[in-house]
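Observations on chain architecture
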Amino acid sequence: MAEKHYKIGEFAALVGLSTYTLRYYEEQGLIKPQRDAAGLRYYTLEDVKWVGFILHLKGKGMRITELQNYVELRAQGNPTIEARKALLQQVKARAEAEVAELQANLVIMGRKIDWYDGKLDQSIDQLESFETYLQRFES
């Protein structure tokens, strides 16, 4: 049975991207569609998996230059596994730092909401500043 080929519009709908974005990814070297006898782009199910992985990496904060580097390393095969692993570890560490920062910001936001609740229900003195309220939580 022949492998299913998808024209760019079909493929775009399948992966949830615009044709413009697919062409941009192609220009950046992130994807490389096949060409038929007439020179028209086509994609396969393997391309669906690859774009899914690219979107996963992008969603984890991998920058376009890092994606390009990863694609280049991947094309070189198994000798680059250590380099690809190191790149993924860098992106993971950056994402973890961003998550930690976001969590810290959410804690402050929650305390600000609690402070407002305290002002509204008068369990916090009307003259107490937010800064003073925060000092209660310092260890």
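The structure this text deals with has already been given above.
Please read all numbers here as calculations on a predicted model, not as lab measurements.

1. Here we look at helix H2 (residues 19–27)
Among the residues of H2, those classed as buried are Leu 22, Tyr 25 and Glu 26. Axial view of H2: buried residues confined to an arc of 100°, hence all on one face. Along H2, the residues that are exposed and aim more than 90 degrees away from the buried face are Tyr 20 and Glu 27. Considering only its buried residues, H2 is in contact with helix H1 (8–15), strand E1 (34–35), strand E2 (41–42) and helix H3 (45–59). Once H2 ends, the next one or two residues include Gly 29, with phi positive near 80°.

2. Description of a nonpolar patch on the surface
On the surface, a nonpolar cluster with roughly 400 Å² of combined accessible area is contributed by Leu 102, Leu 106, Met 109 and Ile 113. Along the chain, the position of Leu 102 falls in helix H5 (residues 81–121). Given the relative accessible area of 52%, Leu 102 is considered exposed.

3. Some details on H3
Between the first and last C-alpha of H3 there are 21 Å, a value that for 15 residues agrees with the 21 Å anticipated at 1.5 Å per step. Here H3 has its buried residues at Asp 47, Trp 50, Val 51, Ile 54 and Leu 57. Looking straight down H3, one finds that the buried residues subtend no more than 120° of arc, so they occupy a single side. Across from the buried face of H3, at angles greater than 90 degrees, the exposed residues are Lys 49 and Gly 59. Next to the buried residues of H3 lie H1, H2, E2, helix H4 (64–75) and H5. Positive backbone phi, at 100°, marks Gly 61, one or two positions downstream of H3.

The rules behind these values
Throughout, a residue's number is its position along its own chain's written sequence, starting from 1. For this predicted model, a pLDDT threshold of at least 70 governs which residues receive local features, and a threshold of 80 or more governs which side-chain atom pairs are given and counted, while totals over whole chains, interfaces and linings are taken from all residues. To get the side-chain values, take all heavy atoms of the structure and skip hydrogens and water. Exposure is judged per residue with a 1.4 Å probe applied to protein chains only, and the accessible area is read against the type maximum: over 50% gives exposed, under 20% gives buried, and values in between give partly exposed. A helix here means a DSSP run of H or I that spans at least four residues, while a strand means a run of E at least two residues long, and both kinds are numbered starting from the N terminus. This arc is taken over the directions from the axis of the helix to the C-beta atoms. Contacts: residue pairs with any heavy atoms within 4.5 Å of one another. Only residues whose relative accessible area exceeds 30% and that form no salt bridge are eligible for patches; like-charged ones are grouped when within 9 Å, while nonpolar side chains (Val, Leu, Ile, Met, Phe, Trp, Tyr) are grouped when within 5 Å. Residue exposure ignores everything except the shown protein chains as possible cover, and the areas themselves are Shrake-Rupley values with a 1.4 Å probe. Each reported salt bridge corresponds to a side-chain nitrogen of Lys or Arg within 4 Å of a carboxyl oxygen of Asp or Glu. Helix span, as expected, comes to 1.5 Å for every residue beyond the first.

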